[in-house]
Amino acid sequence: VVRRHLLQRYEHQPFISCLAGFYSCRWKRYQRERTEPGKCCCNMVNELKDSTDMPFAFCLSLVFLYTWSEGKNDYNGFDWYNYGNLGFWFLWSLLILIVAAVLFAYTSLLLVLAMCLLAEGQQLYLHWSHKIGTFLVLGFTISSLFALSILWRDHRKTVRLSFQVTAPYLHLGAIAIMVLLSWPVALHSIRADKKVIQVVIVGPYLAILLFLFLIPLGMYSPCIREQGTLGPKPALIGHRGAPMLAPENTEMSFLKTIEHGGDGLETDVTISYDGVPFLMHDDTLRRTTNIHEVYPNETRKDASFFSWDSLQKLNAGTWFLKNKPFVGMGSLSKADQNQAMNQSIYTLSGFLRLADSHNKVVIFDLYRPPETHPYRHLWVRKVLDVILKEAKIKRHLVLWLHNSVRSFVQSVAPGFQHIMGRKEPIEDLLKQNIGKLNLVYTDMSSEDIRKYAEANITTNFYVVNEPWLYSLAWCSGAHSVTTNAVHLLKDLSQPLFLMTPRQYNFMWILTDLTSAFLISLIFTL
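Residues numbered from 1 in each chain as written. Predicted model: local features only at pLDDT ≥ 70, side-chain atom pairs only at ≥ 80, totals over all residues. Heavy atoms only, no water.

- The name an unreviewed UniProt entry assigns to the chain is GDPD5 protein, from the organism Erpornis zantholeuca.
- Quoted straight from UniProt, the Subcellular location (unreviewed entry) entry for the chain says "Membrane". (UniProt positions renumbered as here; feature names shortened; annotations may be inferred.)

Below, the structure written as structure tokens:
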């Protein structure tokens, strides 16, 4: 009798054994007698109490994975921020991306297992280890999203911009998921023994489906446009040269930009203690030189307090080979490695001569020396002397960005192109003879770009590294972008995700009709 009772409850079925094993860690025992879908809903409410966090964890992990992956454009800035706080270089951005992908895969697997078990009429017993795992996923994703919203507020703008190019395809993916979910929903609703239960199951599903069917009505993307209305490809300005191919702000970096067809060069200018303008982005020399080897007791000393003779003794390339500062930057050839190892700090004069010889426009940030520096009040004049008297670059190639002494610069150096680093009323820009705006990419707006273009004011956005973001700038009408990835963006022949309204409407209607047919078919089977 006992044996017969056991055989009635348990038997060896490999598929269900695997499902129950992975989900509940019950490899030898499971419920043999199937419970009809729909008739067990009331009991399942109690059974699902231990796993109600799982769908929430899945949704949060998906949101975080999308949010973080779309922020790849700013990974280098994120890692640089951590370097400034921690004192050592590590690709934290890549580590977080891997963790986000693993957590999403884990919650997805649990959700699939749960749906399969329910379809087989099995009760859900989430193992305690998976309960802990689900709790860790919730804790990590919630804390990470909260930290991003506080410490990296511009990241939200990046995600919103990404929707302008990915929304049509996210819509397609969401519809596909709803089609897959229609099978378990239909299975439990049709066999439910009470009308109330059917309404509870089907009602929310149909509401979400209707919302997804209609959401394209409020969707906007500048890359959905009539054929022939796309503007010219934005020019590419190398951000500190080509820092994914060579050490930033070195001669090699700028030569790489020119080699790959960049239209301009961007850099940062600091004044040495004896009045030599040189290229350096950071306040100190720790990140981009071997100062810890040459001057180990002066690693935190401001870069502008070193004489030019002292700066010439530093190597500005070995750090690049050691740290590999960009995710997915690839490996360098032996020749490039040898060249990078022998890079030194570059002067503004050498930079301008190089740009002039290749007819490339230049734009640079000027850093005022700190208090007690001998050139604290002469720094702009010193830079102008190098531009006008020493390098003698053609003036129309200079995009002057610094705003505090703009009227003085316009009087002593007519011919410069003047560029503003923020949005201002068109009337004010025209009064100051501003012909270009240099804006952070999170300020990108096709309407503003069009408005300024009508007044003959072009726009440049920085720093644009990802093809999707460059495509958005192209579709929005940007004149140029500052980028770390000239070698990648130059190969784009047209924007990603570009389509005509007719093509999109066809895709939208076809998707809705096909999914509606499949869902109806599943419900009637």
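### A word on the overall build of the chain
Then step 1. The helix and strand inventory of the chain stands at 22 helices and 9 strands.
Then step 2. Projected onto the principal axes, the alpha-carbon positions of the chain cover approximately 105 × 55 × 40 Å.
Then step 3. Burial statistics for the chain: of 525 residues in total, 48% are counted as buried.
Then step 4. A fraction of 67% describes how many contacts in the chain between residues 6 or more apart in sequence connect residues 24 or more apart.
Then step 5. Per element, the accessible surface of the chain, about 26,400 Å² overall, is 61% carbon and sulfur.
Then step 6. The average position of the 50 basic charges and that of the 42 acidic charges among the side chains of the chain differ by 5 Å. (Helix = DSSP H or I, 4+ residues; strand = E, 2+ residues; numbered from the N terminus. Buried < 20%, exposed > 50% of the residue type's maximum accessible area, 1.4 Å probe, protein only. Contact = heavy atoms within 4.5 Å. Areas by Shrake-Rupley, 256 points an atom, 1.4 Å probe, with all protein chains shown as cover. Lys, Arg positive; Asp, Glu negative; His and termini not counted. Charge placed at Lys NZ, Arg CZ, Asp CG, Glu CD.)

### As for the packing of aromatic side chains
The relative placement of two aromatic rings is captured by the distance of their centres and the angle of their planes.
Then step 1. Counted under the stated rule, the structure contains 22 aromatic pairs.
Then step 2. Residues tyrosine 66 and phenylalanine 163 carry aromatic rings whose centres are separated by 5.6 Å and whose planes lie at 5° to one another, so their mutual orientation is stacked. Taken together, the residues tyrosine 66 in helix 4 (residues 53-70) and phenylalanine 163 in helix 8 (residues 154-190) connect sequence positions 97 residues apart.
Then step 3. Taking relative accessible area as the criterion, tyrosine 66 reaches 17% and is therefore assigned buried.
Then step 4. Between tyrosine 205 and phenylalanine 523, the ring centres sit 6.4 Å apart and the planes meet at 40°, which makes this aromatic pair tilted. Here tyrosine 205 is found in helix 9 (residues 195-214), whereas its partner phenylalanine 523 is found in helix 22 (residues 501-524), with 318 residues between them in sequence. (Phe/Tyr/Trp six-rings, centres within 6.5 Å; stacked < 30°, edge-to-face > 60°.)

### Points about the state of the cysteines
Then step 1. Counting across every chain of the model gives 1 disulfide.
Then step 2. Between the sulfur atoms of cysteine 223 and its disulfide mate cysteine 475 the distance is 2.3 Å. Looking along the S-S bond of the cysteine 223-cysteine 475 disulfide, the torsion reads about 105°, which is the right-handed sense. Residue cysteine 223 is found in the loop between helix 9 and strand 1 (235-239), and its partner cysteine 475 is found in helix 20 (residues 467-476); the two are separated by 252 residues along the sequence.
Then step 3. Here cysteine 116 stays free of any disulfide, with the sulfur of cysteine 18 as its closest cysteine sulfur at 12 Å. (Disulfide = S-S within 2.5 Å.)

### Looking at helix 20
Then step 1. With 9 of its 10 residues buried, helix 20 lies for the most part within the structure.
Then step 2. Among all positions of helix 20, only Trp468, Leu469, Tyr470, Ser471, Leu472, Ala473, Trp474, Cys475 and Ser476 are buried.
Then step 3. In this fold, the buried residues of helix 20 make contact with helix 4, helix 8, strand 1, helix 19 (446-454), strand 9 (480-483) and helix 21 (486-489).
Then step 4. One or two steps after helix 20, the chain reaches glycine 477, where phi turns positive at roughly 100°.

### Some thoughts on the UniProt feature "transmembrane region" (unreviewed entry) in the chain
Then step 1. In this structure's numbering, the residues bearing the UniProt feature "transmembrane region" (unreviewed entry) are residues 89-120, 132-152, 167-187, 199-220 and 506-524.
Then step 2. Between the C-alpha atoms that bound residues 89-120 there is a distance of 51 Å. The span itself is 88% helix and 0% strand.
Then step 3. End C-alpha to end C-alpha, residues 199-220 measures 34 Å, and it is 73% helix and 0% strand.

### Examining the packing of helix 8 against helix 22
Helix-helix packing is described using two parameters, namely the angle between the two axes and the distance between the axes.
Then step 1. Put simply, helix 8 and helix 22 touch, their axes get as near as 9 Å, and they point 10° apart. As far as their axial angle goes, helix 22 and helix 8 are roughly parallel. Of helix 22, the residues touching helix 8 (which contributes Pro168, His171, Leu172, Ile175, Met178, Val179, Ser182, Trp183, Val185, Ala186, Ser189 and Ile190) are Tyr504, Met507, Trp508, Thr511, Asp512, Ser515, Leu518, Ile519, Ile522 and Phe523. (Axes fitted to C-alpha atoms, helices over the stretch in contact; angles between N-to-C directions. Parallel < 35°, antiparallel > 145°, perpendicular 65-115°, else oblique.)

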